[in-house]
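Secondary and tertiary structure notes
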Amino acid sequence: MTAATLDPMERLLAERACERLVVEFVHRLDLGDPSSVADLFTPDGAWEWPAGDRRIAGHDALRSYFGNRPADRLSRRICTNILVTVASADTATATTYFTTYRVDGYSEGLVPPRPPVQVGHYEDTFRKVDGVWLLTTRTLFLSFAGPTERLDGPGRS
């Protein structure tokens, strides 16, 4: 079945499932268990950065990568302009703009505002496996980037 022959409700459900993955990804990184991000990918799934030629593929490698995030990192990612294109009953792509706010050395309390450390977009591919939509690839493109600041003391600027 091609995208042109999909029932409008099937297309809508596929778009929503893929949008949900985009949001679930950042939720798990910022507020959940970062290593569980690997579960949102197909077994052969990959996280890529064309700049620097970096690629992490497979559940074990993804779990290790995301699980090694510093324990004292505070981050919030804002995703917007999620545009999902359904190609068939079991494949889709999406482009999502994102902004990342992040500091290391956090323990508690409010952190005074800072500029974002990253602004860019993700290009994702999705595949439906056993009735569940999953990420196949997530490619990160940065337009603006800087270092992650380390706070001087617990929860302080």
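Residues numbered from 1 in each chain as written. Predicted model: local features only at pLDDT ≥ 70, side-chain atom pairs only at ≥ 80, totals over all residues. Heavy atoms only, no water.

The relative placement of two aromatic rings is captured by the distance of their centres and the angle of their planes. Taken as a whole, this structure holds 10 aromatic pairs when the rule is applied. Seen in terms of ring centroids, Phe25 and Phe41 are 6.3 Å apart; in terms of plane orientation they differ by 70°. Their pairing is edge-to-face. Of the two residues, Phe25 is situated in helix 1 (residues 8–31) and Phe41 in strand 1 (residues 41–49); the sequence distance between them amounts to 16 residues. Taken individually, Phe25 and Phe41 each receive the classification buried, so the pair is uniform in this respect. Taken together, a centroid distance of 5.0 Å and an interplanar angle of 75° make the contact between Tyr65 and Phe66 edge-to-face. Owing to a relative accessible area of 5%, Phe66 belongs among the buried residues under this scheme. Ring-pair connections join several aromatic residues into one group, and the members of that group are Phe25, Phe41, Trp47, Trp49, Tyr65, Phe66, Phe98 and Tyr122. It is Arg54 that lies over the ring of Trp49; its NZ or CZ is 4.0 Å from the centre. Sitting over the face of the ring of Tyr122, Arg138 holds its NZ or CZ atom 3.7 Å from the ring centroid. (Phe/Tyr/Trp six-rings, centres within 6.5 Å; stacked < 30°, edge-to-face > 60°. Helix = DSSP H or I, 4+ residues; strand = E, 2+ residues; numbered from the N terminus. Buried < 20%, exposed > 50% of the residue type's maximum accessible area, 1.4 Å probe, protein only. Lys NZ or Arg CZ within 6 Å of the ring centre and 35° of its normal.)

Right, let's get into the nonpolar core. Membership of the largest hydrophobic core comes to 27 residues, with the highest contact counts inside it found for Phe25, Trp47, Leu62, Phe66, Phe126 and Trp133. Mapped by element, the contributors of at least two residues to this core are helix 1, strand 1, helix 2 (59–67), strand 3 (74–88), strand 4 (91–104), strand 5 (118–129) and strand 6 (132–145). The element best represented in this core is helix 1, accounting for seven residues. Setting aside anything within four residues of it in sequence, one finds Trp133 in contact with Ala14, Ala17, Cys18, Leu21, Ser88, Ala89, Asp90, Thr91, Ala92, Phe126, Arg127 and Lys128. (Core = buried A, V, L, I, M, F, W, Y, C linked by side-chain atoms within 4.5 Å. Contact = heavy atoms within 4.5 Å.)

Moving on: the environment of Ala46. With respect to the helices and strands, Ala46 occurs in strand 1. A C-alpha to C-alpha distance of 19 Å links Ala46 and Asp130, two positions 84 residues apart in sequence. In this view, Ala46 contacts Phe41, Arg55, Ile56, Ala57, Thr136, Thr137 and Arg138; residues no more than four positions away in its chain are not counted.

The grouping of Met9, Leu12 and Leu13 at the surface amounts to a nonpolar patch, some 310 Å² of accessible area in total. A residue is classified by how much of its surface remains accessible, and Leu13, at 54% relative accessible area, is exposed. (Patch = residues over 30% accessible without salt bridge, like charges linked within 9 Å, V, L, I, M, F, W, Y side chains within 5 Å. Areas by Shrake-Rupley, 256 points an atom, 1.4 Å probe, with all protein chains shown as cover. Salt bridge = Lys/Arg side-chain N within 4 Å of Asp/Glu carboxyl O.)

Taken as a whole and judged by the stated rule, the model has zero disulfides. Looking at the unpaired Cys79, the closest cysteine sulfur is the one in Cys18, lying at 14 Å. Overall, Cys79 belongs to the partly exposed group, its relative accessible area being 22%. (Disulfide = S-S within 2.5 Å.)

Pairing of strand 3 with strand 4 involves 12 bridges; the strand directions are antiparallel. Note that in strand 4 the partner of Arg76 across the bridge is Tyr101. As consecutive antiparallel partners, strand 3 and strand 4 are separated by two residues. As paired strands, strand 4 and strand 7 (residues 149–150) are joined by two bridges and run parallel to one another. For Asp104, the partnering residue across the bridge sits in strand 7 and is Arg150. (Pairing = 2+ DSSP bridges.)

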